[in-house]
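Structural characterization, general
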Amino acid sequence: EAAVTQSPRNKVAVTGGKVTLSCNQTNNHNNMYWYRQDTGHGLRLIHYSYGAGSTEKGDIPDGYKASRPSQENFSLILELATPSQTSVYFCASGKGLGNQDTQYFGPGTRLLVL
Amino acid sequence: GQQVQQSPASLVLQEGENAELQCNFSSTATQLQWFYQSPGGSLVSLLSNPSGTKHTGRLTSTTVTKERRSSLHISSSQTTDSGTYLCAIPRSGSFNKLTFGAGTRLAVCP
């Protein structure tokens, strides 16, 4: 099974500050994803990537940027953090097999924006 | 848009009882994935089952594609099975994006 790690695991940030969430996967998967999970909304896709150098907007990209500098790493960047971005963030990876793909999730990052 | 509905929303069992979780989806799915999420934890992929029946340990998933439904059967439940079970399918026309159900919250009591 794919190994997906995230850092930090917990983060407290101030409103207006910059936050970078990092994700690393070691199984050479093409696709990587960032989700947030909130009570009442379930899992929502923020950004995703098909490979190094590519980023695509998901369903709720506003207020977030993403960066995929390499096959292994995918970052989520909050340039100006707001309290509404308090959430649990999950990174996932997948081989990119189209309609047969399976996604593997990291342990999550709990972000609190004060 | 594409929808995934899970039932029941919550389920309480005594240890040793069996659980049957349902997932219904609004369009034909070429892949279906069941996840487990422990309280406060991450999602762990349990099974990928686009059609037919698959087994792993005490879990059995049966997907009837033309009826747009899948079930997850947990036999001889244990307290460690407690958590939330999510199903997800790829979106039509964008296979790499998943649509998730809201989940079934399972509590297994000793």
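Here goes a summary of the coordinates provided. Treat the numbers as computed from the prediction; the structure is a model and nothing was measured.

A word on the overall build of chain A
Counting secondary structure elements, chain A contains 0 helices and 11 strands. The N-to-C order of helical and strand elements in chain A reads β-β-β-β-β-β-β-β-β-β-β. For chain A, the residues scored as buried account for 50% of the 114 residues in total. Partitioning the intrachain contacts of chain A with sequence separation of at least 6 by distance along the chain shows that 55% fall at a separation of at least 24. A total of about 5,100 Å² of accessible surface is found on chain A, and carbon and sulfur atoms cover 49% of it. The centroid of the 10 positive side-chain charges in chain A is displaced by 7 Å from the centroid of its 8 negative side-chain charges.

Quick look at the sheet that holds strand S8 (residues 73-78) of chain A
Residue and element names in this part refer to chain A. The 4 strands lie next to each other as S1-S3-S8-S7, forming an open sheet whose pairing is antiparallel. Looking at which strands have only one partner, the edges of the open sheet turn out to be strand S1 (4-7) and strand S7 (65-67). Taken over all neighbouring pairs, the strand axes of this sheet differ in orientation by 20° on average, direction set aside. Relative to S8, S7 runs antiparallel, the two sharing 3 bridges. Directly across from lysine 65, in S8, lies its bridge partner isoleucine 77.

Re the interface of chain A and chain B
Contacts between the two partners involve 23 residues from chain A and, on the opposite side, 20 residues from chain B. Buried area between chain A and chain B, both sides added, is near 1,700 Å², and the carbon and sulfur share of it is 47%. Summed over the shared surface of chain A and chain B, the number is 3 residue pairs in polar contact (both at pLDDT 80 or more). Among the secondary structure elements, those contributing two or more residues to the side of chain A that touches chain B are strand S4 (31-38), strand S5 (42-49) and strand S10 (103-105) of chain A. In terms of residues, the side of chain A that touches chain B owes the most to one element, S4 of chain A, which gives 4 residues. In the side of chain A that touches chain B, the residues fall into 10 nonpolar, 9 polar and 4 charged.

Details of unusual backbone geometry
Of note, the amide linkage connecting serine 7 of chain A to proline 8 of chain A takes the cis form, showing an omega dihedral of -10°. Looking at the element boundaries, proline 8 of chain A is found in the loop between S1 and strand S2 (10-13). The omega angle of the peptide bond from serine 7 of chain B to proline 8 of chain B is -10°, so this bond is cis rather than trans. Relative to the helices and strands, proline 8 of chain B resides in the loop between strand S1 (4-7) and strand S2 (10-14). Although it is not a glycine, asparagine 28 of chain A adopts a positive phi angle of roughly 60°. The phi dihedral of serine 76 of chain B falls on the positive side, at around 45°, and the residue is not glycine.

The rules behind each value
- Residues numbered from 1 in each chain as written.
- Chains lettered and ligands numbered in written order.
- Predicted model: local features only at pLDDT ≥ 70, side-chain atom pairs only at ≥ 80, totals over all residues.
- Heavy atoms only, no water.
- Helix = DSSP H or I, 4+ residues; strand = E, 2+ residues; numbered from the N terminus.
- Buried < 20%, exposed > 50% of the residue type's maximum accessible area, 1.4 Å probe, protein only.
- Contact = heavy atoms within 4.5 Å.
- Areas by Shrake-Rupley, 256 points an atom, 1.4 Å probe, with all protein chains shown as cover.
- Lys, Arg positive; Asp, Glu negative; His and termini not counted.
- Charge placed at Lys NZ, Arg CZ, Asp CG, Glu CD.
- Pairing = 2+ DSSP bridges.
- Axes fitted to C-alpha atoms, helices over the stretch in contact; angles between N-to-C directions.
- Buried area = accessible area lost by both parts, 1.4 Å probe.
- Polar contact = N/O pair within 3.5 Å; in protein donor to acceptor, adjacent residues only side chain to side chain.
- Nonpolar A, V, L, I, M, F, W, Y, C, P; charged D, E, K, R; others polar.

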